[in-house]
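# Commentary on secondary and tertiary structure
Residue strings, one per chain:
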Amino acid sequence: QVQLVESGGGLVQAGGSLRLSCVASGRIFTIRTMGWYRQAPGKQRELVAAITSGGGTNYADSVKGRFTISRDNAKNTVYLQMNSLKPEDTAVYYCNADVTAYRTSSTYTTDAYWGQGTQVTVSS
């Protein structure tokens, strides 16, 4: 019904930058909060950054000042600009969105959706 597709991961040296993108598609009526989570091997998934439909943002302390989340509501897309990357940023990054989608032409349902994940590896 709704799909989230991430792109932009890869291998980068410490101090480098990457930009992640996530596009939502499907029978979308509106998208509320969009966010990025990450999960490193052996660790729990954690919130990296989130942004509301109005542009309010929230960041994990570990990425404040280095990462910037933004979104283009017209394109149903959320971005994560990651600068000054550190080896401890290595993880699979997942996009998340709270989406109200059409069930029929006049009814809706709201659910949280996840992307498939994109690997970010930062070498020292």
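Details of the structure are given in the entry above.
On a predicted model such as this, the values are computed, not experimentally measured, just so you know.

## A short note on the overall build of the protein
In terms of regular secondary structure, the protein is built from zero helices and eleven strands. Helices (α) and strands (β) of the protein occur, in sequence order from the N terminus, as β-β-β-β-β-β-β-β-β-β-β. The C-alpha atoms of the protein give 15 Å as radius of gyration, which agrees with the globular expectation for 124 residues (14 Å, within 12%). Its C-alpha atoms put the protein at 55 × 25 × 20 Å along the principal axes.

## Section: the sheet that holds strand β7 (residues 67-72)
Pairing in this open sheet of four strands is antiparallel, and the strands run β1-β3-β8-β7 from one edge to the other. Edge positions in the open sheet fall to β1 (2-7) and β7, since each of these has one partner strand only. Each strand axis lies, on average, 15° off the axis of its neighbour in the sheet, ignoring direction. With six bridges joining them, strand β3 (residues 18-26) and strand β8 (residues 77-82) adopt antiparallel strand pairing.

## Description of the pattern of salt bridges
The final tally for this structure, using the stated rule, is four salt bridges. Across the salt bridge formed by glutamate 46 and arginine 38, the nearest N and O atoms sit 2.7 Å from each other. As a salt-bridge pair, aspartate 61 and lysine 64 come within 3.1 Å of each other at their nearest N and O atoms. A single salt-bridge network, built from bridges that share partners, covers Arg38, Glu46, Arg66 and Asp89.

## Considerations on the state of the cysteines
Scanning all chains against the criterion turns up one disulfide. Here cysteine 22 connects covalently by a disulfide to cysteine 95, the sulfurs 2.1 Å from one another. Here the disulfide of cysteine 22 and cysteine 95 is left-handed, its torsion about the S-S bond being about -80°. Of this pair, cysteine 22 sits in strand β3 while cysteine 95 is found in strand β9 (residues 91-102), placing the two residues 73 residues apart along the sequence.

## Quick notes on unusual backbone geometry
Non-glycine residue asparagine 76 carries a positive phi angle of around 50°. Among the secondary structure elements, asparagine 76 is positioned in the loop between β7 and β8. Judged by relative accessible area, asparagine 76 falls into the partly exposed class, the value being 24%. Even without glycine at this site, serine 84 takes up a positive phi of about 50°. For serine 84, the position within the fold is in the loop between β8 and β9.

## Describing the environment of valine 78
Positionally, valine 78 belongs in strand β8. C-alpha of valine 78 to C-alpha of valine 48: the two residues are 30 residues apart in sequence and 13 Å apart in space. When near neighbours in sequence (up to four residues on either side) are disregarded, valine 78 contacts Leu20, Ser21, Cys22, Met34, Trp36, Ile51, Ile69, Ser70, Arg71 and Cys95.

Cut-offs used in this document
- Residues numbered from 1 in each chain as written.
- Predicted model: local features only at pLDDT ≥ 70, side-chain atom pairs only at ≥ 80, totals over all residues.
- Heavy atoms only, no water.
- Helix = DSSP H or I, 4+ residues; strand = E, 2+ residues; numbered from the N terminus.
- Rg over C-alpha atoms; globule rule 2.2 N^0.38 Å.
- Pairing = 2+ DSSP bridges.
- Axes fitted to C-alpha atoms, helices over the stretch in contact; angles between N-to-C directions.
- Salt bridge = Lys/Arg side-chain N within 4 Å of Asp/Glu carboxyl O.
- Disulfide = S-S within 2.5 Å.
- Buried < 20%, exposed > 50% of the residue type's maximum accessible area, 1.4 Å probe, protein only.
- Contact = heavy atoms within 4.5 Å.

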